[in-house]
Amino acid sequence: MCTGEKGGHFTFRNMRFYRIIDRFIDQAGVEGVRSIWGQPFDDDPGGLKLQHEREGLLSVANSGPDSNTGHFSIVVAPAPHLNGGYVVFGEVVSGMDV
């Protein structure tokens, strides 16, 4: 999905970070990419339980409960106020020093 190798418009190819908030998050996504299901999707209960406790975590951007799309944030510092409202779905494994 991320590179478009499966076809369609569900890709992050050529996406850019459009919101950089110092010591908080770097936010990215592609306009028009809602999700692989073509519409907003529900929160993952397991991901909601994970804590935004360290830099490098990937968190789905949303506009409220069960409104996840193709936008996400990289947490660059602990952000406990996001806990329980935003799904953590992964982490950066290399390149945070870029």
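Thresholds applied
Residues numbered from 1 in each chain as written. Predicted model: local features only at pLDDT ≥ 70, side-chain atom pairs only at ≥ 80, totals over all residues. Heavy atoms only, no water. Core = buried A, V, L, I, M, F, W, Y, C linked by side-chain atoms within 4.5 Å. Buried < 20%, exposed > 50% of the residue type's maximum accessible area, 1.4 Å probe, protein only. Contact = heavy atoms within 4.5 Å. Phe/Tyr/Trp six-rings, centres within 6.5 Å; stacked < 30°, edge-to-face > 60°. Helix = DSSP H or I, 4+ residues; strand = E, 2+ residues; numbered from the N terminus. pLDDT = per-residue confidence, 0-100. Salt bridge = Lys/Arg side-chain N within 4 Å of Asp/Glu carboxyl O.

Q: Explanation requested: the nonpolar core in the structure shown.
A: The tendency in soluble globular proteins is for nonpolar side chains to be buried as a group. Membership of the largest hydrophobic core is limited to seven residues, which are Phe24, Ile25, Leu57, Val75, Ala79, Leu82 and Val88. If near-sequence neighbours (up to four positions away) are discounted, Phe24 is found in contact with Ile74, Val75, Val76, Ala77, Ala79, His81 and Leu82.

Q: Before we go on, may I ask you to explain the packing of aromatic side chains in this structure?
A: We describe a pair of aromatic rings using the distance from one ring centre to the other and the angle between the two ring planes. Under the definition given, this model contains two aromatic pairs. Relative to Phe89, the ring of Phe72 lies with its centre 6.4 Å away and its plane at 90°, an arrangement referred to as edge-to-face. Taken as a pair, Phe72 in strand E4 (residues 71–75) and Phe89 in strand E5 (residues 88–91) lie far apart in primary sequence, 17 residues in all. Phe72 gets classed as buried once you look at its relative accessible area, which sits at 13%. Among the aromatic residues, ring-to-ring pairing joins Phe17, Phe72 and Phe89 into one connected group.

Q: Where do I start with the confidence of the model for the protein in this structure?
A: Should pLDDT be low for a region, the predicted coordinates there are not to be read in detail. Per-residue pLDDT for the protein has a mean of 85; in total, 79% of the residues score no lower than 70. Mean pLDDT in the protein bottoms out at strand E1 (residues 16–21), which sits at 86, and peaks at helix H1 (residues 45–49), which reaches 96.

Q: Hey, could you run me through the pattern of salt bridges in this one?
A: Pairing between side chains of opposite charge can happen when the charged atoms of each approach one another. Applying the stated criterion across every chain, the model contains three salt bridges. Across the salt bridge formed by Glu53 and Arg54, the nearest N and O atoms sit 3.3 Å from each other. The partner of Glu91 in a salt bridge is Arg54, and the shortest N-O contact between them spans 3.2 Å. Remark: Arg54 occurs in the loop between H1 and strand E3 (57–60) and Glu91 occurs in strand E5; sequence separation between them is 37 residues. When its relative accessible area of 35% is taken as the criterion, Arg54 is described as partly exposed. Among the ionic contacts, a cluster of salt bridges with common partners joins Glu53, Arg54 and Glu91.

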